Amino acid sequence: MTNREIADILKRIGDMLDILGENRFKVIAYRRAAENIMNLGRDIREYWVSGNLEEIPGIGAAIAEKIEEMLTTGRLEFYERLQDDVPVGVVSLLEIPDVGPKTAKLLWEELGLQSVAEVEAAARSGVLRSLPGLGAKSEAKILAGIEAVHRRSDRISLGTAWPVAQDLLQALLAESSEIVEVAVAGSLRRMRSTIGDIDLLVASEAPAAVMRAFAGLARVSEVMLSGSTKTSVRLHNGLQVDLRVLDPGHWGTALQYFTGSQAHNVRLRELAQKQGLSLSEYAFKRDDGSEVTCAQEAEVYQTLGLPWIPPELREDRGEIQAALSGELPRLVESQAIRGDLHAHTDWSDGAATLADMAEAARALGYQYLVISDHTQSLGVAQGLTPDRLAEQRADIDALNARWDDFTLLQGCELEIKADGDLDFEDDVLARLDFVVASVHTSLRQDPEQITRRVLNALHNPYVDVIGHPSGRLLGQREESAVDLGTVIQAAAETGTALEVNSIPARLDLDDIHVRRATGLGVKIAINSDAHHPGGLENLSYGLATARRGWAEATDVLNTFTLDELRAWRQTRIARQSNA
DNA sequence: GCCGTTTTCGGCCCGACTGTTTTCAGTCG
């Protein structure tokens, strides 16, 4: 069983116990364990084999025993027995917004409903309103929630949400003069790869006026909810946006709170409690009722004796412990990026010329740009033959005479073919300045096969980086079956770098595997994979993903100067060729 | 069910909003 399968079962156990009305801390324990397993970045079997399951945060003797049973037998008796008490179909009712454990239990016990479809039918026929505690409004709300489920209101990508949020902030500032501070909060500020809804935060002395202005923005199609501190709207494009407006004096606690994550906040509040403080989005309260307010976010952490923690780290993945012991990473920043190692031109499937891509990279302040057009076997992308590659080299050399502060490097995005062979012979690769090798075809191979392909590329001394290693396309395609744990191990041995591809639908490697890779000394390359000049700017999303993976500048290949980059490649080729 | 710069037992975050409520439960983040 995979990490995800085990985590899914533990999470569902949490849901079942919740519906049964079990001790809520037991429920939280199962959910926390599931979350931490999803965050591992390595196969849970490794912990099991070495007898270290209980080293995973949130996993104690009881859950460790259950994991062991699942890994040994592929089943879990406890889970199967629970299904006699709560059918899995009842758990699925929790997917409906505004239906929680109590309502799910009610619908099941009173009406025998065990699927979203059955609840929908019951709601339409008007029987839900007869249940104790439910009325006509609740019935309508449940129906609306089910329609939202049907619309498959999937999470949207970071690259979609970020510009929308910036636009909304600008529009809000233009509409209202009563705004003291504005910020993006929530998972968007933490730069998660996908976003459920956009959270905006405003500090103002006139909240009602600000919220009226917000509800009146042209992009807003519907006001879903409005209270004295919070307004939720739906935009014409279907996105949900929550706006909170708070007093400027409470800005620090509010920004901290609404940035989350929820799990991070819970940890922080537990820490506060140990210090005799109660933390809310408004203030710290002491037992005697006196308050400590924070106008700046850093003051919140300072009050608890912590350094400020960057939003990208706030996922309860050990950041508070690291902050307590003074071991927070010094995350890589955009100024440290000296170049981009993966970009396409009209020589293959890009939209722009070599010169246009180069000038765009130079305008970003880069020292170098690697042109990595596709190679011959990727026909759909007009992949280059060795001959075409030689012609391109002449053009690149000619262009390089233009600048003394910038260098265009010739690379390629080398096909790792379905049988594991590479698309060029070594003598062709040796003439290039840089090589990114990627899988684009036969992504549905079984784990052994596709992992062997990537390992083969890793062991070629001329391959510098493995491009978008998992092959995922967020919301469209699951990652391939490639065993990233094995790939990362091998990269640590060969000295090959792994890419964090910055295309918003990819963000691949993801944050969890970045952390695992850098922890083993593997260099990562944060690349735009741009197919037009504007695409270079997507690199900020890859950078954020790397930061979420605790990456420091020294972990990132493209913080190197051009000389360092060349030396790195030469040294690695020499070492790997002798190995 | 997990966990420990007070604890191996007794804790485990905090508030807004909604609906069906005569004082609060449920859900959400």
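Since the structure is predicted, the reported quantities are computational estimates derived from the model, not experimental observations.

Analysis parameters
- Residues numbered from 1 in each chain as written.
- Chains lettered and ligands numbered in written order.
- Predicted model: local features only at pLDDT ≥ 70, side-chain atom pairs only at ≥ 80, totals over all residues.
- Heavy atoms only, no water.
- Salt bridge = Lys/Arg side-chain N within 4 Å of Asp/Glu carboxyl O.
- Helix = DSSP H or I, 4+ residues; strand = E, 2+ residues; numbered from the N terminus.
- Buried < 20%, exposed > 50% of the residue type's maximum accessible area, 1.4 Å probe, protein only.
- Contact = heavy atoms within 4.5 Å.
- Core = buried A, V, L, I, M, F, W, Y, C linked by side-chain atoms within 4.5 Å.
- Phe/Tyr/Trp six-rings, centres within 6.5 Å; stacked < 30°, edge-to-face > 60°.
- Lys NZ or Arg CZ within 6 Å of the ring centre and 35° of its normal.
- Near = heavy atom within 4 Å.
- Polar contact = N/O pair within 3.5 Å; in protein donor to acceptor, adjacent residues only side chain to side chain.
- Pairing = 2+ DSSP bridges.
- Domains from an automatic or database assignment.
- Buried area = accessible area lost by both parts, 1.4 Å probe.
- Nonpolar A, V, L, I, M, F, W, Y, C, P; charged D, E, K, R; others polar.
- Axes fitted to C-alpha atoms, helices over the stretch in contact; angles between N-to-C directions.
- Patch = residues over 30% accessible without salt bridge, like charges linked within 9 Å, V, L, I, M, F, W, Y side chains within 5 Å.
- Areas by Shrake-Rupley, 256 points an atom, 1.4 Å probe, with all protein chains shown as cover.
- Lys, Arg positive; Asp, Glu negative; His and termini not counted.
- Charge placed at Lys NZ, Arg CZ, Asp CG, Glu CD.

**Topic: the pattern of salt bridges**
Here comes step 1: Under the criterion given, the structure shown has 35 salt bridges.
Here comes step 2: Arg548 is paired through a salt bridge with Glu315; the nearest N and O atoms lie 2.9 Å apart. One end of the pair, Arg548, is in helix 23 (residues 539–548); the other, Glu315, is in the loop between helix 15 (297–303) and helix 16 (319–324), and 233 residues separate them in sequence. The pair Arg548 / Glu315 is uniform in exposure class, with both members buried.
Here comes step 3: Each member of the salt-bridge network shares a partner with another, and the members are Arg190, Glu315, Arg317, Asp511 and Arg548.

**Remarks on the side chain of Thr494**
Here comes step 1: Turning to its location among the elements, Thr494 is positioned in helix 21 (residues 484–494).
Here comes step 2: Thr494 gets classed as buried once you look at its relative accessible area, which sits at 5%.
Here comes step 3: Filtering out sequence-adjacent residues up to four positions away, Thr494 remains in contact with Leu458, His459, Arg572, Arg575 and Gln576.

**Some details on the nonpolar core**
Here comes step 1: Counting 62 residues, the largest nonpolar core has Leu369, Leu408, Leu414 and Leu498 as its most contacted members.
Here comes step 2: For this core, the element with the most residues is helix 17 (residues 354–363), which contributes six residues.
Here comes step 3: Those residues within four positions of Leu414 in sequence are excluded, and the remaining contacts are Thr375, Leu422, Asp423, Phe424, Leu429, Val435, Val436, Ala437, Ser438 and Val463.
Here comes step 4: In terms of nonpolar packing, the next biggest core, distinct from the first, is built from 48 residues, Leu10, Ile59, Val99 and Leu143 among them.

**Side note on the packing of aromatic side chains**
Centre-to-centre distance and the angle between the planes together describe a pair of aromatic rings.
Here comes step 1: Inspection of every chain in the model, using the stated rule, returns three aromatic pairs.
Here comes step 2: Look at Tyr257 and Phe258: their rings are 4.8 Å apart centre to centre, the planes differ by 70 degrees, and that puts the pair in the edge-to-face class.
Here comes step 3: For the pair Trp403 and Phe406, a centre-to-centre distance of 5.1 Å together with 90 degrees between the ring planes defines the contact as edge-to-face. The same class applies to Trp403 as to Phe406, namely buried.
Here comes step 4: One Lys or Arg, Arg42, reaches over the ring of Tyr47 and ends 4.6 Å from the middle of that ring.

**Considering the protein's contact with DNA strand B**
Here comes step 1: Taken together, 47 residues are adjacent to DNA strand B, and Gly100, Thr103, Gly135, Tyr257 and Arg269 come closest.
Here comes step 2: Those atoms of DNA strand B that come within 4 Å of the protein belong to sugar or phosphate at a rate of 73%.
Here comes step 3: In the environment of DNA strand B, a phosphate oxygen lies 2.6 Å from a nitrogen or oxygen atom belonging to the backbone of Gly135.
Here comes step 4: With respect to DNA strand B, the side chain of Gln273 contributes an N or O atom lying 3.2 Å from a phosphate oxygen.
Here comes step 5: Of all the secondary-structure elements, those providing two or more residues to the surface near DNA strand B are helix 2 (24–38), helix 4 (61–73), helix 7 (101–111), helix 9 (136–150), strand 5 (220–226), helix 14 (262–274) and strand 8 (277–279).
Here comes step 6: It is helix 14 that provides the largest number of residues to the surface near DNA strand B, a total of six residues.

**What to know about the sheet that holds strand 9 (residues 284–286)**
Across a sheet, paired strands are connected by hydrogen bonds in the backbone, their directions being either parallel or antiparallel.
Here comes step 1: The strand order 8-9-10 describes an open sheet built from three strands, whose pairing is antiparallel. A strand with exactly one partner marks an edge of an open sheet, and here the two such strands are strand 8 and strand 10 (291–292).
Here comes step 2: Alignment of strand 8 against strand 9, held across three bridges, turns out to be antiparallel. Paired with Ser278 across the two strands is Lys285, which belongs to strand 9.

**Points about the domain arrangement of chain A**
Here comes step 1: Entries for chain A in the domain assignment read domain 1 (3–151), domain 2 (156–246), domain 3 (251–324) and domain 4 (334–577).
Here comes step 2: The C-alpha-based centres of domain 3 and domain 4 are spaced at 39 Å.
Here comes step 3: Of the roughly 680 Å² buried between domain 3 and domain 4 on both sides combined, carbon and sulfur atoms contribute 47%.
Here comes step 4: Summed over the three residues of domain 3 that lose the most area to domain 4, namely Glu312, Leu313 and Arg317, the buried surface amounts to 80% of that side.
Here comes step 5: Linking domain 3 with domain 4 are three salt bridges, by the criterion used here.
Here comes step 6: Measuring nitrogen to oxygen at the nearest pair gives 2.7 Å for the salt bridge that ties Arg547 to Glu312.
Here comes step 7: On inspection of domain 3 and its partner domain 4, the count reaches four residue pairs in polar contact (both at pLDDT 80 or more).
Here comes step 8: Of the residues assigned to the side of domain 3 that touches domain 4, the class counts are three nonpolar, one polar and four charged.

**As for the environment of Thr407**
Here comes step 1: Summarising the element assignment, Thr407 is placed in strand 13 (residues 407–415).
Here comes step 2: Distance from Thr407 to Thr559, taken between C-alpha atoms, is 15 Å for residues 152 residues apart in sequence.

**Thoughts on the sheet that holds strand 17 (residues 524–527)**
Here comes step 1: Spatial strand order, 11-12-13-14-15-16-17: seven strands in an open sheet with parallel pairing. Because the sheet does not close on itself, it has two edges, and the strands there are strand 11 (339–343) and strand 17.
Here comes step 2: Of the pairings in the sheet, the one linking strand 14 (residues 434–438) to strand 15 (residues 465–466) comprises two bridges and is parallel in character. Following the sheet pairing, Ala437 is matched in strand 15 by Ile466.
Here comes step 3: Sheet strands in contact with helix 23 are strand 11, strand 16 (497–501) and strand 17, and its direction is about 150 degrees off that of strand 17.

**Examining a negative patch on the surface**
Here comes step 1: On the surface, a cluster of negative charge is contributed by Asp419, Asp421, Glu425, Asp426 and Asp427.
Here comes step 2: Locating Asp427 in the fold gives a position in helix 19 (residues 426–430).
Here comes step 3: Residue classification places Asp427 among the partly exposed positions, given a relative accessible area of 47%.

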